[in-house]
Amino acid sequence: GSPPLSVDELLAALQLSYPRTSSAQQQRIIAMLRAKLHAPGTSAGARAQVDAGIADWLLRLHTTAPARWWLEHAVLSTAERQSIALQVAIKQGDPQRVRSLLAAGAGRALAPIDRVEALRAAGHPQRALALADRVLEQAAEQGRSSPQLQALARQSAQDQLDLANRSTLRFASQQNDAVLRQGPELAQRLSLTPHLQLGVHVAREHLSTRNANFITGLPRTWSDAQASLRWRDGSTQVSGSAGHNTAVGSIDPLQLAAAWTLPGDVRAHVQAQHNAVADESGLLLVAGKRDRIELALSRSFGPLWFSVSQSASHYFTRAGAPLGQGRSLQAEAGMWLHEGAPDIGVKVLGYTNQFSATGTTEPQYAALSPTRLAPGASAFIPAGDDVAGVGVTLNTLAADRYSSHWLPFGEVDVLSSRRLGNATSMNLGIQGPVLGGDQLAFLYQREQNTTGLDRQWSLQYRIWFGP
């Protein structure tokens, strides 16, 4: 007869069986893998591979939790169930479950490179980095290299940057409708603990009008200051910020946000704003503010991804008069054609924005109008629109993250608008190191909407240090 299949061959057969064979045939492959587990001479690395393969099979089963529990107890020993439960918890992004399983000793069967992932998933980034350093040092001493080791090195470098303090200096020119802002911005991020970061952002920019027939009487400067705290544990993040902004009047923006992973690997993000800067139109930017609640959901399916978001906003003048409401629904679906370097993707997108201008403005805003009459709420609130289109992306996974070499990135969308007809939106840039542990980036963005042209370019320098 033919020679018995190896562990690698059985794992490959299991991967290929998901869309092609019945559950009974898949269970026969599982039985052969279990036999390999108990065969004399099976290495710890092979055992870890089999555990991960069986965990992946259990996660893919289209069955109920009780039925999955029965299958686990029918085909696996107690030690195997514990190790595989850890693999499942890592894949599902459940830091509390990962921590409890590691405390119970479930990580002993894992290969060192997989224990790094377990420690990272458990919310122990510094311990994960220390173990990753040992794994990479041993691999270098032994002259070993593999795609898994290369991915570990890239992830460890990014983890070190995520934990590091960061300073950013940016000069930007930003046009919102008829309003132009130009000037420097300074941002500082400090890691207080492995889970908690403090951020500070300040900007003082020159303010001017691009169309005196529409808006005039602007103050000379726009100033903004903001302090934020972000707490992160595994895939769960919670952040809050408070600030002060001065243009045509002053506001004190507040924001709360949270992100976490739902069952089914769905990523959820919710954000609430009060007295926030509103950039839907030029007049709103300098003389208005908004309260907003937004919910976004996203999910990846291998190379495919999908996201949808819904928001509701209420708009006011900075003096407090209500101006109207707005609602927005956005959706995108895309596919990665290449996920390495460079990453290349294509997408389809669409959104619908609905606004209503129902309020009146205070007399003091007459100074902003060339007619010297207070502009109505409709001058602040943009017109609604329905838009659909297609787009292409390049290196968007690496954009705004450290890269060891110069890297172009960008997105270009070709859109069809109910109000504007055909339009193009673009976001293009290039970034790279200057001295080594730093980054210089140039960015250009352009979008046409119902209020006019939104356009900006910026030059940004960023450096990481400590802790």
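The structure this text deals with has already been given above.
One structure accompanies this document, and this report is about it. (Residues numbered from 1 in each chain as written. Predicted model: local features only at pLDDT ≥ 70, side-chain atom pairs only at ≥ 80, totals over all residues. Heavy atoms only, no water.)

A closer look at unusual backbone geometry
And step 1. At D177, a position not held by glycine, the phi torsion is positive, near 60°.
And step 2. Relative to the helices and strands, D177 resides in the loop between strand 1 (165–176) and strand 2 (179–191).
And step 3. For D177, a relative accessible area of 14% puts it in the buried group.
And step 4. One non-glycine residue, D265, lies in the positive phi region at around 60°.
And step 5. Structurally, D265 is set in the loop between strand 7 (254–262) and strand 8 (266–276).
And step 6. For D265, a relative accessible area of 38% translates into the label partly exposed. (Helix = DSSP H or I, 4+ residues; strand = E, 2+ residues; numbered from the N terminus. Buried < 20%, exposed > 50% of the residue type's maximum accessible area, 1.4 Å probe, protein only.)

What about the pairing of strand 17 (residues 452–465)?
And step 1. In the sheet, strand 1 pairs with strand 17 via twelve bridges, with the strands oriented antiparallel. If you follow A172 over to strand 17, its bridge partner there is S458. (Pairing = 2+ DSSP bridges.)

So, a nonpolar patch on the surface
And step 1. Together, F301, L304, F306, M335, L337, V346, V392, V412 and L428 give the surface a local cluster of nonpolar side chains, amounting to about 710 Å² of exposed area.
And step 2. Elements with a contribution of two residues or more to the nonpolar patch: strand 10 (304–317) and strand 11 (322–338).
And step 3. Within the secondary structure, L304 is located in strand 10.
And step 4. We classify L304 as partly exposed; its relative accessible area is 39%. (Patch = residues over 30% accessible without salt bridge, like charges linked within 9 Å, V, L, I, M, F, W, Y side chains within 5 Å. Areas by Shrake-Rupley, 256 points an atom, 1.4 Å probe, with all protein chains shown as cover. Salt bridge = Lys/Arg side-chain N within 4 Å of Asp/Glu carboxyl O.)

Thoughts on the packing of aromatic side chains
And step 1. If you walk through the whole model with that rule in mind, you get five aromatic pairs.
And step 2. Between W305 and W336 the ring centres are 6.4 Å apart and the planes differ by 40°, which places this aromatic pair in the tilted class. Residue W305 is found in strand 10, and its partner W336 is found in strand 11; the two are separated by 31 residues along the sequence.
And step 3. For W336, a relative accessible area of 16% corresponds to the buried category.
And step 4. Here the aromatic rings of F442 and W457 are separated by 6.4 Å at their centres, their planes lie at 25°, and the arrangement is stacked. Of this pair, F442 sits in strand 16 (residues 438–449) while W457 sits in strand 17, and the two are 15 residues apart along the sequence.
And step 5. On the basis of relative accessible area, F442 is assigned to the partly exposed category, the value being 38%.
And step 6. Chaining the aromatic ring pairs together yields one cluster made of F171, F442 and W457.
And step 7. Sitting over the ring of W222, R181 keeps its end group 4.5 Å from the ring centre.
And step 8. Lying across the ring of F301, R299 places its NZ or CZ 4.4 Å from the centre. (Phe/Tyr/Trp six-rings, centres within 6.5 Å; stacked < 30°, edge-to-face > 60°. Lys NZ or Arg CZ within 6 Å of the ring centre and 35° of its normal.)

Focus on the nonpolar core
And step 1. The biggest cluster of nonpolar side chains holds 21 residues, and the ones touching the most others in it are L218 and V286.
And step 2. Broken down by secondary-structure element, the contributors of at least two residues to this core are helix 10 (282–287) and helix 11 (377–380).
And step 3. In terms of residue count, helix 10 provides more of this core than any other element does, five residues in total.
And step 4. Beyond its immediate stretch of four places on either side in the chain, V286 contacts V179, L207, I215, L218, A247, V248 and R318.
And step 5. Judged by nonpolar contacts, the second largest core, of ten residues, contains V7, L10, I29 and I30. (Core = buried A, V, L, I, M, F, W, Y, C linked by side-chain atoms within 4.5 Å. Contact = heavy atoms within 4.5 Å.)

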